Amino acid sequence: MPPRKNKLPAPLPEGLIVTDTNKKSWRLGKKLGQGGFGLIYLASPDCARTVTDDAAYVIKVENYQNGPLFCELKFYQRAAKQDDVKKWIHSHKLDYLGIPKYWGTGEISYNSSSYRFMVVDRLGTDLQKVQHNNSGRLPAKTVMQIAIRMLDVLEYIHEHEYIHGDIKAGNVLLHTSDANKVYLADYGLSYRYCPDGKHKEYKEDPRKCHNGTIEFTSRDAHKGVAPSRRGDLEILAYCMLHWLCGKLPWEKSLRDPSTVLASKTKLWDDLPHSVIKWSGRADGCQELAKFMADVLLVNYNEKPNYPSLKRILLKALDSMGTSLSSPLIISDAGTFQKVSTGDTKKTSGNV
């Protein structure tokens with residue numbers, strides 16, 4: 001969906017206590033950062049004490065009239081109830097599902113202004129920072145591990161009538177203490193593609209052309225078509241290509257969306273050669289090309305074969321002599337470095 005021109009809220013004071021709709025109180029800590037539409041604060045349910053820097057929760061705050069946080073709330077309330085997530089993890093034999101936990105929501109009135117807030121788990125560093133710190137590229141095995149985790153999330157949210165629509169490294173977050181867990185965050189631009197079981201129809205709309213983050217948005221979105229399951233998978237493929245290569249074929253044309261669309265179309269029309277040529281035959285490129293070829297066969301309103309797509313990526317890991325359960329590792333100047341959100345511990349080795 002297109003970015004919305006919303007005004008950021010005025011900063012709230014550290015120590016302010018807010019109460020959610022379930023009558024649970026939360027104390028705000030330091031401002032941790034900001035997104036395109038709101039501010040993010042550390043938070044704690046222990047309102048009698050100052051919120052410490054290792055707080056386990058954050059509160060996202062937006063002006064009440066803004067849309068993205070409301071959209072994210074609806075996603076969590078409809079599609080990501082904790083009991084539903086737990087059942088899914090059990091039924092699909094997963095060790096975890098990378099969706100941040102939602103804890104509550106409410107409204108704040110402060111200095112004559114109204115705000116909406118949402119409490120979620122605090123997570124760590126985003127993958128964009130990790131990628132930047134490693135010369136823009138990630139090891140192929142790490143790309144496959146992260147992509148599998150993202151595919152698990154997409155299958156879950158798709159089965160619950162939602163599209164993420166904005167998958168990118170900045171929205172892939174690491175766990176604060178478990179360096180092997182990654183989460184797909186920020187559902188402010190999520191879209192209910194199949195309300196009450198009825199899929200949106202394919203319809204090109206010039207007024208909505210080129211919506212989304214231009215580097216990664218799907219070809220459908222370039223044409224103004226409503227988001228779909230295959231669109232999310234296409235975006236994930238672009239992310240994988242970027243993580244593997246550190247660049248995309250159209251990155252110098254971002255000011256001309258039509259040229260970007262033409263470049264993306266050319267990439268898909270010449271599989272697998274286009275991916276292999278662009279990646280310089282890097283590890284994982286053939287599996288990525290196979291993944292993309294399978295996505296290319298998915299119709300707009302068709303359910304993708306998630307297990308089959310996952311097997312392609314698992315096979316890639318197997319060919320690299322590793323597995324999904326192996327530690328998540330990134331490359332840094334010829335050493336192994338475990339991904340973490342704080343200090344990193346390095347040991348010698350080769351990637």
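Okay, so let's go over this structure. Just so we're clear, the structure is a prediction, and the values are computed from it rather than from any experiment.

Basis of the calculations
Per chain, residue numbering runs from 1 following the sequence as it is written. The model is predicted, so local features are restricted to residues of pLDDT at least 70 and side-chain atom pairs to those at 80 or more, both for listing and for counting; the totals for chains, interfaces and linings are taken over all residues. Calculated side-chain values reflect all of the structure's heavy atoms, with hydrogen atoms and water omitted. Runs of H or I in DSSP of at least four residues are treated as helices and runs of E of at least two as strands, each being numbered from the N terminus. For a compact globule the rule gives 2.2 Å times the number of residues to the power 0.38, and the radius of gyration it is set against comes from C-alpha atoms. Under the scheme applied here, a residue whose accessible area is under 20% of the maximum for its type counts as buried, over 50% as exposed, and between as partly exposed, the area being computed with a 1.4 Å probe on protein chains only. By the convention used here, residues are in contact when the closest approach between their heavy atoms is within 4.5 Å. For this analysis, a salt bridge means a side-chain nitrogen from Lys or Arg found within 4 Å of a carboxyl oxygen belonging to Asp or Glu. Axes here mean lines fitted to C-alpha atoms, for a helix over just the part in contact, with angles spanning 0 to 180 degrees between N-to-C directions. What sets the label is the angle itself: under 35 degrees gives roughly parallel, over 145 gives roughly antiparallel, 65 to 115 gives roughly perpendicular, and the rest give oblique. Throughout this entry, Asp, Glu, Lys and Arg are counted as charged residues, while Ala, Val, Leu, Ile, Met, Phe, Trp, Tyr, Cys and Pro are counted as nonpolar. The remaining residues, Gly among them, count as polar. Only when DSSP finds a minimum of two bridges between them are two strands counted as paired. Note that a disulfide, as used here, is simply two cysteine sulfur atoms within 2.5 Å. Aromatic pairs are defined between Phe, Tyr and Trp rings, using the six-membered ring for Trp, whenever the two ring centres lie within 6.5 Å; interplanar angles under 30 degrees are classed as stacked, those over 60 as edge-to-face, and all others as tilted. Ring-over charges, as used throughout, are those where CZ of Arg or NZ of Lys falls within 6 Å of the ring centre and within 35 degrees of the ring normal. Patches here: salt-bridge-free residues with over 30% relative accessible area, like charges joined within 9 Å, nonpolar side chains (Val, Leu, Ile, Met, Phe, Trp, Tyr) joined within 5 Å. Residue exposure ignores everything except the shown protein chains as possible cover, and the areas themselves are Shrake-Rupley values with a 1.4 Å probe. Asp and Glu count as negative and Lys and Arg as positive, but His and the ends of the chain are not part of the count. Charge positions are represented by NZ for Lys, CZ for Arg, CG for Asp and CD for Glu.

### Thoughts on the overall build of the protein
- For the protein, the count of helices and strands is ten helices and 13 strands.
- Computed over C-alpha atoms, the radius of gyration of the protein comes to 20 Å, within 12% of the 20 Å expected from 2.2 N^0.38 for 351 residues, which places it in the range of a compact globule.
- For the protein, the spread of C-alpha atoms along the principal axes amounts to about 60 × 55 × 40 Å.
- When burial is assessed residue by residue, the protein has 51% of its 351 residues classed as buried.
- Here the analysis covers contacts within the protein between residues at least 6 apart in sequence; of these, 63% occur between residues at least 24 apart.

### Some remarks on the environment of L297
- Tracing the chain through its elements places L297 in the loop between α9 (285–296) and α10 (306–319).
- The exposed category is assigned to L297, whose relative accessible area is 65%.
- In sequence terms L297 and W278 are 19 residues apart; their C-alpha atoms lie 22 Å from each other.

### Here's the deal with the pattern of salt bridges
- One pass over the full model with this rule turns up 14 salt bridges.
- A salt bridge links E159 to K303, with the shortest nitrogen-to-oxygen separation between them at 3.6 Å. Of this pair, E159 sits in helix α4 (residues 140–159) while K303 is found in the loop between α9 and α10, placing the two residues 144 residues apart along the sequence.
- Judged by its relative accessible area of 35%, E159 is partly exposed.

### A closer look at the packing of helix α6 (residues 229–245) against helix α7 (residues 257–269)
- Taken N-terminus to C-terminus, the directions of α6 and α7 make an angle of 90°; their axes are 13 Å apart at the nearest point. Considering their axes alone, α6 and α7 lie roughly perpendicular with respect to each other. Residue-level contacts link E234, A237, Y238 and L241 of α6 to K264, L267 and W268 of α7.
- Of the residues assigned to the contact of α6 with α7, the class counts are five nonpolar, no polar and two charged.

### Quick look at the sheet that holds strand β1 (residues 17–19)
- Pairing within the open sheet is antiparallel, and its six strands lie in the order β1-β2-β3-β4-β6-β5. In this open sheet, the two strands that pair with only one neighbour each are β1 and β5 (102–110). Along the sheet, successive strands turn relative to each other by an average axial angle of 40°, direction set aside.
- Judged from the three bridges that link them, β1 and strand β2 (residues 25–34) form a sheet pairing that is antiparallel. Along β2, the bridge assignment pairs T19 with S25.

### Topic: the state of the cysteines
- On inspection of all chains with the given rule, the structure shows zero disulfides.
- Free of any disulfide, C285 has its nearest cysteine sulfur in C245, 7.8 Å distant.

### Quick look at the packing of α9 against α10
- Axis separation between α9 and α10 bottoms out at 9 Å; the angle between their running directions is 175°. Regarding the angle of α9 to α10, the classification is roughly antiparallel. Contacts from E287, K290, F291, D294 and V295 in α9 reach S308, L309, I312, L313, A316 and S319 in α10.
- Of the residues that constitute the contact of α9 with α10, the class distribution is six nonpolar, two polar and three charged.

### Some points on the packing of aromatic side chains
- By the definition in use, this model includes twelve aromatic pairs.
- Considering the side-chain rings of Y57 and W103, the 5.7 Å spacing of their centres and the 90° angle between planes classify their relative orientation as edge-to-face. With Y57 in strand β4 (residues 57–63) and W103 in strand β5, the pair connects residues that are 46 residues apart, well separated along the chain.
- Given the relative accessible area of 31%, W103 is considered partly exposed.
- Centroid distance F75 to Y162: 5.4 Å. Interplanar angle 80°. Geometry classified as edge-to-face. Here the residue F75 occupies a position in helix α1 (residues 68–79), and Y162 occupies one in strand β7 (residues 162–163), the gap between them amounting to 87 residues. For the pair F75 and Y162, a shared accessibility class is recorded, and that class is buried.
- Each member of the aromatic cluster is reached from another via a ring pair, and the members are F75, Y76, Y102, Y162 and Y187.
- Over the face of the ring belonging to Y96 we find K181, whose NZ or CZ atom lies 5.3 Å from the ring centre.

### Overview of a positive patch on the surface
- On the surface, K198, K200, K203 and K208 cluster together into a positively charged patch.
- Relative to the helices and strands, K198 is located in the loop between β10 (191–192) and α5 (219–222).

Honestly, it's all geometry; don't read function into it.
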